Amino acid sequence: MNDKDLRVGSIKDGTVIDHIDAGSALKVVQILGIDENIEDIVSIAMNVPSAKTKTKDIVKVEDRELASDEVDKIALIAPEGTINIIRNYEVIEKNKVNLPKFIKEVVRCPNRNCISNTDEPIKSEFQVINKNPVKLRCVYCERAIEQNVSEHIK
Ligand SMILES: [Zn+2]
């Protein structure tokens, strides 16, 4: 994989999220809050052949440079993900995703009685206690999520 591969179906300006585990692209889009209400052009490529893993998914967001704190939470489900910032068809910045110490709002607490699941104006928040495999602990009720994190994404 080199930067030239990114030019297949290249975009002029924007962000390319590469090396997403095959089948996880739609979850990545969901975590990024990309839905029918945004105006960015988003392309999703699934099951792309890759030397590094067997196949991978790629997400391209045109005309928007995603900040690392926006993108790092996708490390929940794409720990090998890379973020490429594109300007005028060139990759000007390339970073690996890096799971932050705390994840807000993205994950729903599996404890139905948790205060983050009530009508209280409290957003869910998890401490990351392990990055790979991902293990999370609710900051409110201390309930842990130790597997299948993607099933708990809102
Ligand atoms: Zn909780």
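See the structure printed just above.
Everything numeric in this text was worked out from a predicted model, so none of it was measured. (Residues numbered from 1 in each chain as written. Predicted model: local features only at pLDDT ≥ 70, side-chain atom pairs only at ≥ 80, totals over all residues. Heavy atoms only, no water.)

Peer 1: Please clarify how the coordination of the zinc ion should be interpreted in this entry.
Peer 2: Angles between donor atoms at a metal ideally measure 109.5 degrees for a four-coordinate tetrahedral arrangement and either 90 or 180 degrees for a six-coordinate octahedral one. Binding of the zinc ion to the protein goes through C109 (SG), C114 (SG), C138 (SG) and C141 (SG), at separations of 2.3 Å. One can describe the donor arrangement at the zinc ion as tetrahedral, given that its 4 donor atoms subtend angles of 100 to 115° at the metal. Donor residues binding the zinc ion come from one chain and are separated in sequence as C-x4-C-x23-C-x2-C. You can see C114 sitting in the loop between strand 6 (102-104) and strand 7 (125-131) and its partner C138 sitting in strand 8 (residues 134-138), a full 24 residues away along the chain. Of the two residues, C114 and C138, both sit in the buried class. (Donors = N, O, S within 2.8 Å, 3.2 Å for Na, K, Ca; no water. Tetrahedral: all angles 85-135°; square planar, octahedral: opposite > 155°, others 65-115°. Helix = DSSP H or I, 4+ residues; strand = E, 2+ residues; numbered from the N terminus. Buried < 20%, exposed > 50% of the residue type's maximum accessible area, 1.4 Å probe, protein only.)

Peer 1: Please clarify how the environment of S116 should be interpreted in this entry.
Peer 2: Within the secondary structure, S116 is located in the loop between strand 6 and strand 7. Once the C-alpha coordinates of S116 and I86 are considered, the two residues, 30 residues apart in sequence, prove to be 37 Å apart. In contact with S116, not counting residues within four places along its chain, are C109, I122, K123, S124 and Y140. (Contact = heavy atoms within 4.5 Å.)

Peer 1: Sorry if this is basic, but what is going on with the sheet that holds strand 3 (residues 55-62) here?
Peer 2: Backbone-to-backbone hydrogen bonds pair the strands of a sheet. The strands run either parallel or antiparallel. Read across the open sheet, the 5 strands follow the order 2-3-1-4-5; overall the sheet is antiparallel. Taken across any chain shown, the strands that pair with only one partner, and hence form the sheet edges, are strand 2 (42-49) and strand 5 (90-96). Direction aside, neighbouring strands of the sheet carry axes that sit 20° apart on average. Sheet topology note: the strand 2/strand 3 ladder contains 6 bridges and is antiparallel. Among the inter-strand pairings, V48 is bridged to a residue of strand 3, identified as K56. (Pairing = 2+ DSSP bridges. Axes fitted to C-alpha atoms, helices over the stretch in contact; angles between N-to-C directions.)

Peer 1: Whenever I open this one, the sheet that holds strand 6 confuses me. Can you help?
Peer 2: If you walk across this open sheet you meet the 4 strands as 6-7-8-9, and the pairing is antiparallel. Looking at the sheet topology across the chains shown, the edges are occupied by strand 6 and strand 9 (144-145). Pairing of strand 7 with strand 8, which is carried by 5 bridges, proceeds in the antiparallel orientation. Bridging from a neighbouring strand, Q127 pairs with R137 of strand 8.

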